[in-house]
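Read off the chains here:
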Amino acid sequence: MKTHKNIYYKIYKWENLVLAYKKARKGKSKKTYVKKFEENLLGNLEQLQFELMTKTYTPKPLKTFILRDPKTRKISVSDFRDRIIHHALCNIMEPIFQKTFIHDSCANQKGKGNLFAIKRFDKFSKKVTRNKKSKGWFNSSQVKGYCLKADIKHYFKEVNHNTLIKIIARKIKDKRTMRLIIEILQNYSQQEKGMPLGNLTSQFFANIYLNELDYFTKHKLKIKYYIRYVDDFVILSSNKTQLILWKKEIIEFLQNNLTLQPHPQKSRIIKLSRGIDFVGFRNFCNSRLLKKRSIRKMSEKIKKYLEGKISKNKINKIYQGWIAYAKWTTFNNNPMMKIWKEKSYFKIMIIHEKCSAKGDMFLVG
């Protein structure tokens with residue numbers, strides 16, 4: 001395994017800090033805290049560089065708020081200057097660890113995301129079901145195949161700092177870089193456990209941590225059809241008994257090696273013909289449907305706009321992003337799928353009509 005012993009100076013290099021600042025401000029240039037930082041941009045970046053060089057950098061306390069969308073989540077956000085440090089760190093570390101990630105780790109990576117995961121799921125389901133051939137003569141939903149659908153219970157809260165540091169330290173042999181990583185982790189929790197939702201470093205560290213699970217499934221258990229998106233993962237197989245055995249081994253690995261527990265209600269083996277909830281869609285072998293929650297959330301956003309709680313500019317951006325994602329739904333000639341299609345599009349048309357009633361035809365499509 002290749003190790004990296006002298007990378008800390010790359011983190012505080014002026015070019016890297018400027019790049020990190022540009023990434024941190026992207027999409028947030030109108031925020032008050034960004035404008036305030038930019039009032040003395042050169043001086044503030046020089047101060048960050050000096051603190052890193054002299055090892056006197058200390059993160060500011062996180063700002064925490066509760067988000068209900070629809071789950072209740074505690075989001076902890078770093079100060080803008082600390083976000084620049086996070087980007088500076090990830091700029092250097094990501095190329096090192098990116099090479100170690102498996103192809104089917106789909107979250108928080110360039111060129112990958114929800115749609116990449118969906119395409120992989122569709123490809124794997126074809127393999128498992130022999131190109132979606134059915135068992136029955138008349139019902140195309142009778143394809144033979146199963147899916148172990150699982151996620152980690154309270155994943156970000158349960159990440160063990162010591163375990164994470166040991167994993168990173170296999171490749172990073174630079175004490176100053178490791179010290180910076182520990183500073184960032186301990187800024188959220190002194191209990192040596194947990195990472196804040198909302199931090200760039202949390203997303204990056206989350207991939208490094210569960211890369212251990214990826215390697216266990218792919219190289220130890222030799223599982224072909226495995227996809228992970230953050231802490232959600234699916235395994236497809238035509239053999240239900242094999243999935244049961246794999247599930248047991250994976251649970252033991254998570255408990256013994258990563259001090260994690262699969263969610264008991266959300267970790268189960270399901271027939272592919274019943275549809276698998278994964279990355280925002282309900283995925284059938286021949287169809288892909290928007291989840292009801294996605295339509296409901298968009299309806300709620302429209303309602304807030306009609307009540308004057310969201311600006312026209314903001315709702316337009318939200319809607320355009322949502323409709324681009326919703327277009328990835330697919331349907332076959334199954335009568336039941338047509339009913340789902342009509343229900344989904346009926347709800348979308350209601351959204352269109354509400355916006356049109358207010359004169360916002362620009363929202364449509």
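Note that the structure is a prediction, hence the values are computed from the model and not measured.

This brings us to the overall build of the protein chain. Within the protein chain, the regular secondary structure consists of 14 helices and 9 strands. In the protein chain, buried positions account for 45% of the 365 residues. A fraction of 71% describes how many contacts in the protein chain between residues 6 or more apart in sequence connect residues 24 or more apart.

Now for the packing of helix H2 (residues 14-25) against helix H5 (residues 80-98). Between H2 and H5, whose axes approach to 8 Å, the crossing angle comes to 120 degrees. Judged by the angle between their axes, H2 and H5 are oblique. Handedness of the crossing formed by H2 with H5: right-handed. Taken together, the residues of H5 that come into contact with H2 (itself represented by Asn16, Leu17, Leu19, Ala20, Tyr21, Lys23, Ala24 and Arg25) are Phe80, Arg83, Ile84, His87, Ala88, Asn91 and Ile92. Looking at side-chain class alone, the contact of H2 with H5 contains 9 nonpolar, 3 polar and 3 charged residues.

This part is about the pattern of salt bridges. For the structure on display, the rule yields 10 salt bridges. Glu212 is the partner of Arg170 in a salt bridge, and the nearest nitrogen-oxygen pair spans 3.1 Å. Of this pair, Arg170 sits in the loop between helix H8 (161-169) and helix H9 (175-186) while Glu212 sits in helix H10 (residues 200-220), and the two are 42 residues apart along the sequence. Owing to a relative accessible area of 19%, Glu212 belongs among the buried residues under this scheme.

Quick look at the confidence of the model for the protein chain now. Residue-level pLDDT values for the protein chain average 86, and 86% of them are 70 or greater. In the model, residues 333-340 has pLDDT below 50 throughout and makes 13 contacts with residues more than four positions away in sequence or in other chains. Considering only residues more than four positions removed or in separate chains, one finds that residues 361-365, a stretch of pLDDT under 50, has 14 contacts.

When two helices pack together, their arrangement is given by the angle between their axes and by how far apart the axes lie. Taken N-terminus to C-terminus, the directions of helix H12 (residues 292-306) and helix H13 (residues 312-326) make an angle of 165 degrees; their axes are 10 Å apart at the nearest point. The orientation of H12 with respect to H13, classified from their angle, is roughly antiparallel. Crossing hand, H12 versus H13: left-handed. Residues Ser294, Ile295, Met298, Lys301, Ile302 and Tyr305 of H12 touch H13, and the partners they reach there are Lys312, Ile315, Ile318, Tyr319 and Trp322. Here the contact of H12 with H13 is composed, by residue class, of 8 nonpolar, 1 polar and 2 charged.

What counts and what doesn't
- Residues numbered from 1 in each chain as written.
- Predicted model: local features only at pLDDT ≥ 70, side-chain atom pairs only at ≥ 80, totals over all residues.
- Heavy atoms only, no water.
- Helix = DSSP H or I, 4+ residues; strand = E, 2+ residues; numbered from the N terminus.
- Buried < 20%, exposed > 50% of the residue type's maximum accessible area, 1.4 Å probe, protein only.
- Contact = heavy atoms within 4.5 Å.
- Axes fitted to C-alpha atoms, helices over the stretch in contact; angles between N-to-C directions.
- Parallel < 35°, antiparallel > 145°, perpendicular 65-115°, else oblique.
- Left-handed = near helix turned anticlockwise from the far one by under 90°.
- Nonpolar A, V, L, I, M, F, W, Y, C, P; charged D, E, K, R; others polar.
- Salt bridge = Lys/Arg side-chain N within 4 Å of Asp/Glu carboxyl O.
- pLDDT = per-residue confidence, 0-100.

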